[in-house]
Amino acid sequence: MTIKEVLLWAREELQEACERPSYEAELLLAHHLGKDRTYLMTHDREDLADVDGFKSLVQRRAAHEPYEYIVGSASFYDIHLEVEKGVLIPRPETEILIDLVAEIIEREQFTRIAEIGVGSGAISIVLARKFPQLHIIATDISDIPLRVAGKNIERFGLGGQIELRKSNLLDEVDEPLELVVSNPPYIAEDFLLASNVIDYEPREALFGGRVGDELLKQIILDVKARGIRYLACEMGYDQKAPLQEFVSQIGVEYIHFYQDLAQLDRGFVIKFS
Ligand SMILES: C[S@@+](CC[C@H](N)C(=O)[O-])C[C@H]1O[C@@H](n2cnc3c(N)ncnc32)[C@H](O)[C@@H]1O
C-alpha cells in the first residue's frame, strides 16, 4: 500500500473514535515513520514498508486508546513529557494552575514547595524550569507515576531541584514548606467518563472518593495543620460551593477560585492565616 492509500484506510478506521480522523491518521503515520507530516504529502505515492506495524497503531487508536499512550509522549506547556499507561496524561487546563502558582512564587520569592500527586512530573518540571532556585518535594502514592516522573525529571536535568517521594499526600514530608500545589484525583466515583479516559487512564489519578472532593478536603486540612502559607489546587467544575462552605468553617485568610478557558470553575488558591 502507498502512503496515500494507507492514510485513506486509517481515516475510515478512525472515523468513530476521533474528532479529526485524517489529522490523527497523519500524526500516527508520521510517528510510525519518524518523519514530520509534510513528508507524507511529498511522498504519498511511495509504498509503506511496515503496513502491519502502522495498522496496529491505528487499531489501538480506533479502540479509543489515547494518542499520547500510543506514541508515549504528551505535549504540555512548553515541553513534551514521556507518558505511559498508569500515569495521567497532563491536561491543558493544568497550565492555568501553574501560572497562578508561578505568580505567587515570584511575588513571595519562595524556594521550598511541595507537589502532591506528581503524575508524569508536569507541574513540578514546568515550575522548576521557571525558577532555578526552587526546591520541590513531589509525592505520589503510586509507583508508575514516580518512575515516569523520575525519567522526565532526569531528561530535563532537574534531579537537583525536584525530589520524588512515595507518600500518601504529605505523610512522608517533614520539611518546612512555603506552598503546596496539587492536581489531585477529584472525580466522583459514579461519574460517567469517556472510554478513552476510563478504559485507559489510572483510576487512582481520577477518582477522589464517593463525592469526589474528599481528597481535596483532606489536603486543605493537612496543609493548614502544618502551618504552610499557600495551597493551590485544581478541582472539578461543580466543587466550588462545597469547598467554599468547607473553608469558611475551618477559617482561612482567603480562597480565590479560578476558571478554565471554558469558563468552568477549575481550581483555587488558599492563603492560610
Ligand atoms: C490527576 S493526577 C495529576 C498528575 C499530574 N500532577 C498532572 O497534573 O498531570 C493525580 C495524581 O495523584 C496521585 N495520587 C492519588 N492519590 C494520592 C495520594 N493519596 N497521595 C499522593 N498522591 C496521590 C495519583 O497517583 C496521580 O498520579
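Details of the structure are given in the entry above.
What comes next is a walk through the structure. (Residues numbered from 1 in each chain as written. Predicted model: local features only at pLDDT ≥ 70, side-chain atom pairs only at ≥ 80, totals over all residues.)

Some thoughts on the overall build of the protein
Then, in step 1: Secondary structure assignment for the protein yields 12 helices and 11 strands.
Then, in step 2: The 273 residues of the protein split such that 36% are buried.
Then, in step 3: Long-range pairs, those at least 24 residues apart, make up 64% of the contacts in the protein between residues at least 6 apart in sequence. (Helix = DSSP H or I, 4+ residues; strand = E, 2+ residues; numbered from the N terminus. Buried ≥ 20, exposed ≤ 12 C-beta atoms within 10 Å, placed from the backbone. Contact = placed C-beta atoms within 7 Å.)

So, the nonpolar core
Generally speaking, soluble globular proteins have nonpolar side chains that are buried together.
Then, in step 1: If you look at the biggest cluster of nonpolar residues, it comprises 56 residues, and the most contacted ones within it are Ile-136, Leu-179, Val-180, Ile-219 and Leu-231.
Then, in step 2: Examining the composition of this core, we find that six residues originate from one element, helix H7 (residues 122-130), more than from any other.
Then, in step 3: When sequence neighbours within four positions are dropped, the list of residues in contact with Ile-136 reads Ile-113, Ala-114, Glu-115, Ser-124, Leu-127, Ala-128, Gln-161 and Ile-162.
Then, in step 4: Ranked by size, the runner-up nonpolar core spans 13 residues in total, among them Ala-10, Leu-28, Leu-48 and Phe-54. (Core = buried A, V, L, I, M, F, W, Y, C linked by C-beta atoms within 7 Å.)

Notes on the site of the ligand
Then, in step 1: In the region of the ligand, 22 residues are neighbours, and Pro-90, Gly-117, Gly-119, Asn-183 and Ala-205 sit closest.
Then, in step 2: Only H7, strand S4 (135-140) and helix H10 (203-206) provide two or more residues apiece to the shell around the ligand.
Then, in step 3: Within the shell around the ligand, the residues separate by chemical class into 12 nonpolar, eight polar and two charged. (Near = placed C-beta within 6 Å. Nonpolar A, V, L, I, M, F, W, Y, C, P; charged D, E, K, R; others polar.)

Quick word on the sheet that holds strand S10 (residues 254-259)
Then, in step 1: Spatial strand order, S5-S4-S3-S6-S9-S11-S10: seven strands in an open sheet with mixed pairing. Single-partner strands in this sheet number two, and they are strand S5 (162-166) and S10. Sheet twist, expressed as the average angle between the axes of neighbouring strands with direction ignored, equals 15 degrees.
Then, in step 2: Direction of pairing for strand S3 (residues 112-116) relative to strand S6 (residues 179-182): parallel, over a ladder of four bridges. Bridge assignment links Ala-114 to a residue of S6, and that residue is Val-180.
Then, in step 3: Helix-sheet contacts for helix H8 (residues 143-155) involve S4 and S5, and the interaxial angle to S5 is about 170 degrees.
Then, in step 4: Contacts between helix H11 (residues 214-225) and the sheet are confined to S3, S6, strand S9 (230-234) and strand S11 (265-271), with S9 contributing the most and set at about 170 degrees to the helix. (Pairing = 2+ DSSP bridges. Axes fitted to C-alpha atoms, helices over the stretch in contact; angles between N-to-C directions.)

Topic: the packing of helix H1 (residues 3-14) against helix H2 (residues 21-33)
Then, in step 1: For the pair H1 and H2, interaxial distance at closest approach is 8 Å and the crossing angle is 125 degrees. In terms of their interaxial angle, H1 and H2 are classed as oblique. The hand of the H1/H2 crossing is right-handed. Here H1 contributes Val-6, Leu-7, Ala-10, Arg-11 and Leu-14 to the contact with H2, which in turn contributes Pro-21, Ser-22, Glu-24, Ala-25, Glu-26, Leu-28 and Leu-29. (Parallel < 35°, antiparallel > 145°, perpendicular 65-115°, else oblique. Left-handed = near helix turned anticlockwise from the far one by under 90°.)

Topic: the environment of Ala-102
Then, in step 1: Relative to the helices and strands, Ala-102 resides in helix H6 (residues 94-108).
Then, in step 2: In this structure Ala-102 comes out as partly exposed when scored by C-beta crowding, with 16 C-beta atoms within 10 Å.
Then, in step 3: When the C-alpha atoms of Ala-102 and Asp-222 are compared, they prove to be 22 Å apart, with 120 residues separating the residues in sequence.
Then, in step 4: Contact partners of Ala-102, with chain neighbours within four places excluded, come to Leu-127 and Lys-130.

Details of H1
Because each turn of an α-helix spans 3.6 residues, side chains separated by three or four positions in sequence point in the same direction.
Then, in step 1: Its 12 residues place the ends of H1 16 Å apart at the C-alpha level, agreeing with the 16 Å of an ideal helix rising 1.5 Å per residue.
Then, in step 2: Along H1, the residues classified as buried are Ile-3, Val-6, Leu-7, Ala-10 and Leu-14. Taken down its axis, H1 places every buried residue within 100 degrees of arc, on the same side.
Then, in step 3: Looking at the buried side of H1, the elements it contacts are H2, helix H3 (37-42) and helix H4 (51-62). (Expected span 1.5 Å × (residues − 1). Arc of directions from axis to C-beta.)

Honestly, it's all geometry; don't read function into it.
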